[in-house]
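Results of the structural survey
The residues making up each chain are set out below.
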Amino acid sequence: AGCDRAPAPAEEIKPKRSSGEANLVRLPPDKITQSGITLEPAVRTSFRTYRTFPGVVRPNENALANITTLVRGRVAEVHADLGQMVKAKQVLAVLHSGDLGLAQSAYLKARARRHVAEQAYQRAQFLFKEKVIGQAEEQRREGEMISIRAEAQEALEGLRLLGMDDKEIKSLERTQTIRSQVPIVAPFAGRVIARDLTKGELVETTHKLFAVADLSTVWVVANVSEKDVSYVQRATTVPNQPVEVSVAAYPNDVFQGTVLYVGDVLDTATRTMQVRLAMENSTGRLKPEMFATIRVSSEPAADVLVVPETAVQSDQSRSFVFVLQEAGVFEARTIRLGDRNGTFAEVLDGLREGEMVVKEGAFILKSELLKPKD
């Protein structure tokens, strides 16, 4: 029965494309023009790479003041608000302090006792010369005067510790008027970036009342990974060499900063090193706590074979470019890449200098290459 069965038609054998042919893409001239395909030669040139590091904008700590009070008191007046520009010595708030009043009273009493003790000692000296009193009495009066002078000096230093300057102390001595009002003043001109007090609140000496900052210059603080430390160190070899900084708030703008400080010790937990940049901010566009990105370039390497980054295509684990073989014929050439810098890619192997690669429109050739072949 098997012998009577008709033989199966022979399978049509299709010619297989060679591996070289499989990497070729052919396009007619009109489609090349419509696709906007452009070519550029692989060239050897000076090549510079870069690294980017995340950072945060901070106030310049050399122009930042966290203002506290030297004496415990109750808030009587508040004159400055958050975000307000203030001048040097401008009154930000006024406290009412019983402690300051008691200290002034103690100083005036000690000063009065000192005056009495000095007068008593002068009389004792006169009476001793006239042999009216003995030497022991004269020495006792001298000892009392020295002790009371020390108490008066202690009371004076107490006033200074509570924030009274020499001019205010002279006024207290002259008028003998006890003042319990404590002005809180700005140490320099700047902007109030923090305020933590309300009228009627009792504040202690550990309480931070205001933070005033001069934001005409700011810092950008970043943490650099251990493997990229050399990039930052190279940026400091030339004094005041600018480093590019961008912030999310102004994606189209690039700011210039200079490296102020490179850490000497790495963080053992994160294996990063702190870097601090100074940036001019006269326009006030950079705000503390903004996220920033620092871009640091490497030293240029000479005679490096490069192609435009737009020419490089990827397929699974390989990178390739389309190389012009002849008019309308492009070869998908596997290459080995080195570093990239956003414009060019370093080619380590697979390409020769002068070969024409597709710069724009390579994705169209890639789609043609990946089409199923009949």
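For every chain, the first residue of the written sequence is number 1, and numbering continues from 1 along that sequence. Given that the model is predicted, a residue must reach a pLDDT of at least 70 before its local features are reported, and side-chain atom pairs must reach 80 or more before they are shown or counted; all residues, however, enter totals for whole chains, interfaces and linings. To obtain the side-chain values, all non-hydrogen atoms of the structure were included, while hydrogens and water were left out.

Considerations on the packing of aromatic side chains
- Centres within 6.5 Å are what make two rings of Phe, Tyr or Trp a pair, Trp counting through its six-membered ring; a difference in plane orientation under 30 degrees is then read as stacked, over 60 as edge-to-face, and the rest as tilted. According to the stated counting rule, one finds two aromatic pairs in the structure shown.
- By the criterion adopted, a ring carries a charge over it if an Arg CZ or a Lys NZ lies within 6 Å of its centre and within 35 degrees of its normal. Sitting over the ring of W219, R276 keeps its end group 4.3 Å from the ring centre.

As for the environment of A186
- Looking at the secondary structure, you find A186 in the loop between β9 (181-185) and β10 (190-195).
- The sequence separation of A186 and L92 amounts to 94 residues, and the corresponding C-alpha distance is 6.6 Å.
- Contacts are residue-level and defined by heavy atoms, with any inter-residue pair within 4.5 Å sufficient. When near neighbours in sequence (up to four residues on either side) are disregarded, A186 contacts I67, V86, K87, A88, K89, Q90 and L92. The numbering of helices and of strands both runs from the N terminus, where a helix is a DSSP run of H or I of at least 4 residues and a strand a run of E of at least 2.

A few points about the packing of helix α3 (residues 98-129) against helix α4 (residues 135-161)
- To obtain each axis, a line is fitted to C-alpha atoms, and for helices this fit is confined to the stretch in contact; angles are then taken between N-to-C directions over 0 to 180 degrees. Between α3 and α4, the least distance of the axes is 8 Å, while the angle of their chain directions is 160°. Considering the angle they form, α3 stands roughly antiparallel to α4. Taken as a pair, α3 and α4 cross one another with a handedness that is left-handed.
- All residues other than Ala, Val, Leu, Ile, Met, Phe, Trp, Tyr, Cys, Pro, Asp, Glu, Lys and Arg, Gly among them, are scored as polar; the first ten of these are nonpolar and the last four charged. In the contact of α3 with α4, the residues fall into 15 nonpolar, three polar and 10 charged. In this scheme, roughly parallel covers angles under 35 degrees and roughly antiparallel covers those over 145, while 65 to 115 is roughly perpendicular and the rest are oblique. Handedness of each helix crossing follows the sense of rotation of the near helix against the far helix: counterclockwise by less than a right angle gives left-handed, clockwise gives right-handed.

Topic: the side chain of E355
- Considering the arrangement of structural elements, one finds E355 in the loop between β22 (344-349) and β23 (356-360).
- For the purposes of these results, a polar contact is taken to be a pair of N or O atoms within 3.5 Å, where, inside protein, one atom must be able to donate a hydrogen and its partner to accept one; residues adjacent in sequence count only when each atom of the pair is a side-chain atom. In terms of polar contacts, E355 uses its side chain to reach the side chain of R333, at 3.1 Å.
- A polar side-chain atom of E355 sits 2.9 Å from the main-chain amide nitrogen of R352.

Some thoughts on α3
- Its 32 residues place the ends of α3 47 Å apart at the C-alpha level, agreeing with the 46 Å of an ideal helix rising 1.5 Å per residue.
- Only protein chains enter the accessibility calculation, which uses a 1.4 Å probe; a residue whose area is less than 20% of its type maximum is buried, one above 50% is exposed, and one in between is partly exposed. All of the buried residues along α3 are L100, G101, A103, Q104, S105, Y107, L108, A110, A117, A120, Y121 and A124.
- Its buried side turned inward, α3 meets α4, α5 (166-175) and β9.
- Between the side-chain oxygen at the start of α3 and the backbone nitrogen of D99 there is a gap of 3.4 Å, and the oxygen is on S97.
- Positive phi shows up at K131, right after α3, with a value of about 60°. An expected span of 1.5 Å times one less than the residue number is assigned to each helix.

Some words on the pattern of salt bridges
- A pairing counts as a salt bridge when a side-chain nitrogen of Lys or Arg comes within 4 Å of a carboxyl oxygen of Asp or Glu. Tallying each qualifying case throughout the model produces 24 salt bridges.
- Note that D253 and R285 form a salt bridge whose closest N and O atoms lie 2.6 Å from each other. Taken as a pair, D253 in the loop between β14 (242-247) and β15 (255-262) and R285 in the loop between β16 (272-280) and β17 (291-297) lie far apart in primary sequence, 32 residues in all.
- Judged by its relative accessible area of 27%, D253 falls in the partly exposed class.
- A residue is classified by how much of its surface remains accessible, and R285, at 30% relative accessible area, is partly exposed.
- The shortest N-O distance in the salt bridge between R333 and E331 comes to 3.2 Å.
- In this structure E331 comes out as buried when scored by relative accessible area, which is 18%.
- Within this structure, E137, R140, R141 and E144 form a network of salt bridges that share partners.

Digging into the sheet that holds strand β13 (residues 217-225)
- Two strands form a pair only when DSSP identifies at least two bridges running between them. An order of β4-β13-β16-β15-β14-β17 is seen for the six strands of this closed barrel, with the pairing classed as antiparallel. Sheet twist, expressed as the mean angle between neighbouring strand axes with direction ignored, is 40°.

Side note on the sheet that holds strand β12 (residues 210-213)
- Read across the sheet, four strands follow the order β5-β12-β10-β7 without closing on themselves; strand pairing throughout is antiparallel. Two strands lie at the open edges of the sheet, namely β5 (64-67) and β7 (85-86), each paired on one side alone.
- As defined by bridge partners, β5 adjoins β12 across four bridges and the pair is classed as antiparallel. Its bridge partner being in β12, N66 is matched across the sheet by A211.

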